[in-house]
Amino acid sequence: MGLFKPKWLSNNDEKVSKAINEMNSQTKLARVARQARQYWAREQALNKLTDQKILADIAKNGEDAAIRVQAAEKLIDQSLAQKIFADLAKVPSSVDFRLQIVDKITDQSLKQELFADIFRNNDDPNIRSKLLDKLTDKSILTDIAVNFSNDDWRRHACLKLTNGEHIIEGCICTLCGTAYHKFKVIDSSSHNERHINGYDMTITNKTLKCDNCGIITAEKVIDYQGYDSDYNR
Ligand SMILES: [Zn+2]
């Protein structure tokens, strides 16, 4: 043990905690809040900090994002605190941590942008659905409904935007592209074929037409009928 090693750098948790408890100098506490090895020790020192200049400096320039958030929370200057929350919320990190910070942001339109950013950059369906619940900004929802890479999420956003009613023109939603055709079979022909593996198949080719818009599409149905064990001998 070096003679000059401060007690708060000890490996003994009890010693560290006691040293911070006895510490009164704001400058020293600031050093511990920045440099202590253990998160709880940085937190303990931060809790004793009241000097607004020091807190602002840690909030702006600290290395530990969670400590920066806590320092910002102790700031009297709310606009600076909000700026720090906004900066931290933009940095890619764990979704839980980002959401926790976004919750502290009071600017509703910035909040919506950040929810959208997390929505776009995360592919966990549970998180996406949670975020879609939080999204209320019509231009953001429209952008997702029109441009998002995944058709299902485009449809979800469209339904949220239109209160469950797609904007239908003909049979196709003009926003998200979801199609609602009322197809009816207008022609059907079948023939039998033998599959290379010996299955007899009935292949039916159907022509379908939408009752509403008249669009025509084809469908092929293969019905396997059985296996001929003599085949290929
Ligand atoms: Zn739609």
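This text follows the structure it describes.
Quick caveat, the model's predicted, so the values are computed rather than measured.

Sorry if this is basic, but what is going on with the overall build of the protein chain here?
In terms of helices and strands, the protein chain carries eleven helices and five strands. Relative to the compact-globule value of 17 Å for 233 residues, the protein chain shows a C-alpha radius of gyration of 31 Å, a clear excess of over 25%. Dimensions of the protein chain, computed from the C-alpha atoms along their principal axes, are close to 95 × 55 × 20 Å. Scored against the burial criterion, the 233 residues of the protein chain give a buried share of 22%. Across the protein chain, contacts joining residues at least 24 apart in sequence account for 33% of those joining residues at least 6 apart.

So what exactly am I meant to see when it comes to the pairing of strand S3 (residues 183–194) here?
The side chains of a regular strand alternate, residue by residue, between the two faces of the sheet. With zero of twelve residues buried, S3 is to be regarded as a mostly surface element. As defined by bridge partners, S3 adjoins strand S4 (residues 199–210) across eleven bridges and the pair is classed as antiparallel. Opposite valine 185, over in S4, you have leucine 208 as the bridge partner. A loop of four residues connects S3 with S4, the two strands running antiparallel in sequence, and glycine 198 in this loop sits at a positive phi of about 100 degrees.

Which parts of the structure should I look at to understand helix H7 (residues 95–102)?
Side chains that are three or four residues apart share a direction in an α-helix, a result of its 3.6 residues per turn. Along H7, the residues that are buried comprise Arg98, Ile101 and Val102. Burial along H7 is one-sided: seen end-on, the buried residues are contained in an arc of 100 degrees. Residues of H7 that are buried sit in contact with helix H5 (65–73), helix H6 (78–90) and helix H8 (108–120).

Would you explain the nonpolar core in this entry?
Generally speaking, a soluble globular protein has its nonpolar side chains buried in company with each other. Ranked by size, the top nonpolar core spans 32 residues in total, and within it Val32, Ala33 and Ala45 carry the most contacts. Looking at this core, the elements that each hand over two or more residues are helix H1 (13–22), helix H2 (26–35), helix H3 (39–47), helix H4 (52–61), H5, H6, H7 and H8. Look past the residues within four positions of valine 32 in its chain and what remains in contact with it is Trp8, Ile20, Ala41, Arg42 and Ala45.

Explain unusual backbone geometry to me, please; I cannot follow it from the model alone.
We note that asparagine 163 has phi near 50 degrees; this positive angle belongs to a residue other than glycine. With respect to the helices, strands and loops of the structure, asparagine 163 is situated in the loop between helix H11 (151–161) and strand S1 (168–169).

Before we go on, may I ask you to explain the packing of helix H10 (residues 138–147) against H11 in this structure?
The description of two helices packed together rests on the angle between their axes and the distance between the axes. It is the contact of H10 with H11, at a shortest axis distance of 7 Å, that shows an interaxial angle of 145 degrees. The element H10 and its partner H11 pack so that their crossing is left-handed. Across the interface between the two elements, Lys138, Leu141, Thr142, Ile144 and Ala145 from H10 touch Trp153, Arg154, Ala157, Cys158, Lys160 and Leu161 from H11. Its residues assigned to classes, the contact of H10 with H11 shows seven nonpolar, one polar and three charged.

How should H10 be read in this particular structure?
For H10, the set of buried residues is Leu141, Ile144 and Ala145. Taken end-on, H10 shows its buried residues confined to a sector of 95 degrees, consistent with a single buried face. In this structure, H10 carries Ser139 and Asn147 as exposed residues pointing more than 90 degrees from its buried face. The elements touched by buried residues of H10 are H11.

How do you make sense of the packing of H7 against H8 when you look at a structure like this?
With their axes 10 Å apart at the nearest point, H7 and H8 run at an angle of 170 degrees to one another. Compared by their axis directions, H7 and H8 come out roughly antiparallel. Residues Val95, Arg98, Leu99 and Val102 of H7 touch H8, and the partners they reach there are Lys111, Leu114, Phe115 and Ile118. Its residues assigned to classes, the contact of H7 with H8 shows six nonpolar, no polar and two charged.

Looking at this structure, I do not really get the environment of leucine 131. What am I missing?
In this structure, leucine 131 sits in helix H9 (residues 125–134). Beyond its immediate stretch of four places on either side in the chain, leucine 131 contacts Phe115, Ile118 and Phe119.

Scoring rules and cut-offs
- Residues numbered from 1 in each chain as written.
- Predicted model: local features only at pLDDT ≥ 70, side-chain atom pairs only at ≥ 80, totals over all residues.
- Helix = DSSP H or I, 4+ residues; strand = E, 2+ residues; numbered from the N terminus.
- Rg over C-alpha atoms; globule rule 2.2 N^0.38 Å.
- Buried ≥ 20, exposed ≤ 12 C-beta atoms within 10 Å, placed from the backbone.
- Contact = placed C-beta atoms within 7 Å.
- Pairing = 2+ DSSP bridges.
- Arc of directions from axis to C-beta.
- Core = buried A, V, L, I, M, F, W, Y, C linked by C-beta atoms within 7 Å.
- Axes fitted to C-alpha atoms, helices over the stretch in contact; angles between N-to-C directions.
- Left-handed = near helix turned anticlockwise from the far one by under 90°.
- Nonpolar A, V, L, I, M, F, W, Y, C, P; charged D, E, K, R; others polar.
- Parallel < 35°, antiparallel > 145°, perpendicular 65-115°, else oblique.

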